[in-house]
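Coordinate analysis (summary)
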Amino acid sequence: MENVKRKLQKWTSSKCRNYLVLVLSLVLIAATAVSPTFSWLSAQTDPVVNTFAGGAIALILDEAPVGPDGQQIAGDRVTANRYKYMAGAQLDKDPTPTVLKGSDECYVFLCVENNLNDMFSLNIQADAWKQVAASGNRTLYAYHARVNAEAAEEDVVLTPIFTKVSVSQDLTAADIEALGEKTLSVTAYAVQTEALSVEAAVDLAVAQFLPEGTTATYPEIA
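A few words on the sheet that holds strand 3 (residues 96–99). In space, the three strands of this open sheet follow the order 1-3-8, with antiparallel pairing throughout. Pairing within the sheet leaves two strands with one partner each, and these edge strands are strand 1 (59–62) and strand 8 (156–157). Judged from the four bridges that link them, strand 1 and strand 3 form a sheet pairing that is antiparallel. Looking at the pairing, L61 lines up with P97 of strand 3.

Here is the structure:
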């Protein structure tokens, strides 16, 4: 009888162990099956918010005021001056572009429209301004470097395109009478650098100021 009891206990104990293992296996299987569903039902991400803001470039062009003799005088900078000229005169004129603080990085161009004749010369600041194209009385220049005022605390003042208009010593009264009153004007143009190559920027500037088909050169712009 004792042998039977021992065999029964052994069998029961063995069966219970197998049962427990089976139950645990079922629980594990159930947990594995349910867990992804539970996770999918409860999963949540933070929203992805995209903010779009347009870029901006603000640009001014001015020069120092001059007196009746064409020499610079004290005072606020101006957008135009009038000059009386004579043989050998050295006239002050410093067209200077300024990129206002907060502006996106940009390429800056100046178009000089010169209606004077070869008796007049300009001291073009060639280190700062690179000639890229010309047609008729218009010549287009590119600033030698990209200008970034986005994080600037002050406006970024660039090098003037020239500072003097020199009149030939050979100018005669007849030349003055023939020439009369002529103009010399400068126009500034800026275009963003973002996703725009130097070549593309030059092409845009040429199209802005010069006739279609004008040949351009592409300087290195730092």
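On to the packing of aromatic side chains. Using the criterion set out here, one finds four aromatic pairs in the structure. Taken together, a centroid distance of 5.8 Å and an interplanar angle of 90° make the contact between Y189 and F209 edge-to-face. Of this pair, Y189 sits in strand 10 (residues 184–192) while F209 sits in helix 3 (residues 198–209), placing them 20 residues apart in sequence. As far as burial versus exposure is concerned, Y189 and F209 are alike and both buried. Taken together, the aromatic side chains of F109, Y189 and F209 make up a single cluster linked through ring pairs.

Hydrogen bonding along the main chain pairs the strands of a sheet, whether they run parallel or antiparallel. The four strands lie next to each other as 6-7-4-10, forming an open sheet whose pairing is antiparallel. A strand with exactly one partner marks an edge of an open sheet, and here the two such strands are strand 6 (129–135) and strand 10. Pairwise comparison of adjacent strand axes, ignoring direction, gives a mean angle of 25° for this sheet. Pairing analysis gives six bridges linking strand 6 to strand 7 (residues 138–143), with the strands arranged antiparallel. Paired with S135 across the bridge in strand 7 is R138.

About the cut-offs
- Residues numbered from 1 in each chain as written.
- Predicted model: local features only at pLDDT ≥ 70, side-chain atom pairs only at ≥ 80, totals over all residues.
- Heavy atoms only, no water.
- Pairing = 2+ DSSP bridges.
- Helix = DSSP H or I, 4+ residues; strand = E, 2+ residues; numbered from the N terminus.
- Phe/Tyr/Trp six-rings, centres within 6.5 Å; stacked < 30°, edge-to-face > 60°.
- Buried < 20%, exposed > 50% of the residue type's maximum accessible area, 1.4 Å probe, protein only.
- Axes fitted to C-alpha atoms, helices over the stretch in contact; angles between N-to-C directions.

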